[in-house]
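# Breakdown of the fold
Chain by chain, the residues run as shown.
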Amino acid sequence: MDLRQLEYFVAVAEERNFTRAAERVHISQSGVSAQIRRLEGELGAELFDRSGRTVTLTVAGTAALEHARAALAAAEAVGQAVGQVTDLIRGRLTVGMVLGCTLTPLFDALAAFHRIHRGVEISLLEDNSDRLIEGVRADVVDLALVGTAGAAPDGLDSLTIISERLVAAVPPGHPLARQHRVALGDLVAHPMVCMPPGTGLRTVFDRACAAQGLRPAIALQASAADAIGDLASRGLGVAILSESMAASYRDRLTARVIGDIETPAVLALVWKSTHNPAVRELIVHSRHAFTPPDPAQGLSPVP
């Protein structure tokens, strides 16, 4: 049994698919399968049930998984401990970023980190905010840029990047554009264009509607602010955006703050632990890159 076999075992267990696991560890599927078979032979038990469309853990596999993760973490900690003594950080860093959100400061932070710590392998994972937060909780993602409803997720450390009110954005000729104040009750008579479930902005909107017993007509959904703005500008629905998102389309859309939604849409970096020195260092670079927050640097959207 060696660490490489344990790495492949954990990859298959988390991906539930040999092909995706092979892509993740950068070897062929046959190579992963062969190493897993060798590991099963050494342990004297099958670790995976391969009979279904997705690979699932057997009882033996479930029992082995946490120990395998712990062994890999311990091996990485050895390298990190030596690295700290020699001022060289090594290892891997998985950074999550919410879909449809392109932030120049985050890329600046990653670039600055990489220039100094070339011994750290960085991977970037895009997903919706809910899944990224769960990834951080499960130690699959080290640090993630996510959208949340109001406060940062319980049990996680965070750095707030943006905290903004929600707005309704419509073309200049739309009836809502003539109102100085807009409330949720005004919106339900119109189709809406919004972020999909699982994003911080959508969570804020859905919770506010539920609190008033309103059932809005979500006509169209898109993960990117540009798509939402373009759809709304063509009269296909009222865009539900954050203030900084809507500011990018002021030449085509009139934005009104939704007065009875007080919970802000928050864009934040979240992490679970700073035991990993690479995480600590990336947080330092992120604080520098994002301070002070400036919408002119591309700090929107807030998904």
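Each value, and the rule that gives it
Residues numbered from 1 in each chain as written. Predicted model: local features only at pLDDT ≥ 70, side-chain atom pairs only at ≥ 80, totals over all residues. Heavy atoms only, no water. Core = buried A, V, L, I, M, F, W, Y, C linked by side-chain atoms within 4.5 Å. Buried < 20%, exposed > 50% of the residue type's maximum accessible area, 1.4 Å probe, protein only. Helix = DSSP H or I, 4+ residues; strand = E, 2+ residues; numbered from the N terminus. Pairing = 2+ DSSP bridges. Axes fitted to C-alpha atoms, helices over the stretch in contact; angles between N-to-C directions. Contact = heavy atoms within 4.5 Å. Phe/Tyr/Trp six-rings, centres within 6.5 Å; stacked < 30°, edge-to-face > 60°.

This part is about the nonpolar core. Generally speaking, soluble globular proteins have nonpolar side chains that are buried together. Ranked by internal contacts, the top residues of the largest apolar core, which has 35 residues, are Leu166, Leu187, Phe205, Ile240 and Leu241. For this core, the secondary structure elements donating two or more residues are strand S7 (166–170), helix H7 (184–187), strand S8 (191–194), helix H8 (200–211), helix H9 (225–233), strand S10 (238–242) and helix H10 (243–247). Leu103, Leu106, Leu110 and Leu159 belong to the second-largest nonpolar core, a separate cluster that totals 33 residues.

The next subject is the sheet that holds strand S5 (residues 143–149). One open sheet accounts for five strands, arranged S4-S3-S5-S12-S6; its pairing is mixed. With partners counted over all chains shown, the strands left at the sheet margins are strand S4 (120–127) and strand S6 (157–164), one partner each. Between one strand axis and the next, the sheet turns by 25° as a mean value, whatever way the strands run. Sheet topology note: the S6/strand S12 (residues 265–271) ladder contains seven bridges and is antiparallel. Bridging from a neighbouring strand, Ser163 pairs with Val266 of S12. Where H8 meets the sheet, its contacts fall on S5 and S12, and the angle it forms with S5 comes to roughly 20°. Sheet strands in contact with helix H11 (residues 277–290) are strand S3 (91–98), S4, S5, S6 and S12, and its direction is about 150° off that of S12.

Another aspect to go through is the sheet that holds S7. What the five strands build is an open sheet, ordered S9-S8-S10-S7-S11; its pairing is mixed. Pairing within the sheet leaves two strands with one partner each, and these edge strands are strand S9 (217–221) and strand S11 (254–257). The mean inter-strand angle of the sheet, taken between neighbouring strand axes irrespective of direction, is 35°. Here four bridges tie S7 to S10, and the two strands are oriented antiparallel to one another. In the sheet register, Val167 faces S10, and the bridge partner there is Leu241.

In this section: the packing of aromatic side chains. Considering all chains together, one arrives at two aromatic pairs under this definition. Summarising the aromatic geometry, the rings of Phe9 and Phe48 are spaced 5.5 Å apart at their centres and angled 55° between planes, so their arrangement reads as tilted. Of this pair, Phe9 sits in helix H1 (residues 3–15) while Phe48 sits in strand S1 (residues 48–49); the two residues are 39 residues apart in sequence, bridging distant segments of the chain. The exposure class of Phe48 is buried, given its relative accessible area of 1%. An angle of 70° between the planes, with centres 6.0 Å apart, marks the rings of Phe18 and Phe48 as edge-to-face. Here Phe18, found in helix H2 (residues 18–25), pairs with Phe48, found in strand S1; they are 30 residues apart in sequence, far enough to count as distant. Of the residues examined, Phe18 reaches a relative accessible area of 10% and is grouped as buried. Aromatic rings pair up to connect Phe9, Phe18 and Phe48 into one cluster.

Looking now at the side chain of Gln5. Assignment of secondary structure puts Gln5 in helix H1. Contact partners of Gln5, with chain neighbours within four places excluded, come to Gln35, Ile36, Arg38, Leu39 and Glu42.

Considering the arrangement of structural elements, one finds Glu281 in helix H11. On a C-alpha basis, the gap between Glu281 and Ala109 in space is 10.0 Å, while along the polypeptide they are 172 residues apart.

With that out of the way, let us pick up the environment of Ile36. Mapped onto the elements, Ile36 comes out in helix H3 (residues 29–43). Here the alpha-carbon distance between Ile36 and Glu46, two residues ten residues apart in the chain, equals 9.1 Å. Not counting residues within four places of it along the chain, the set of residues in contact with Ile36 comprises Gln5, Tyr8, Phe9, Phe18, Phe48 and Arg50.

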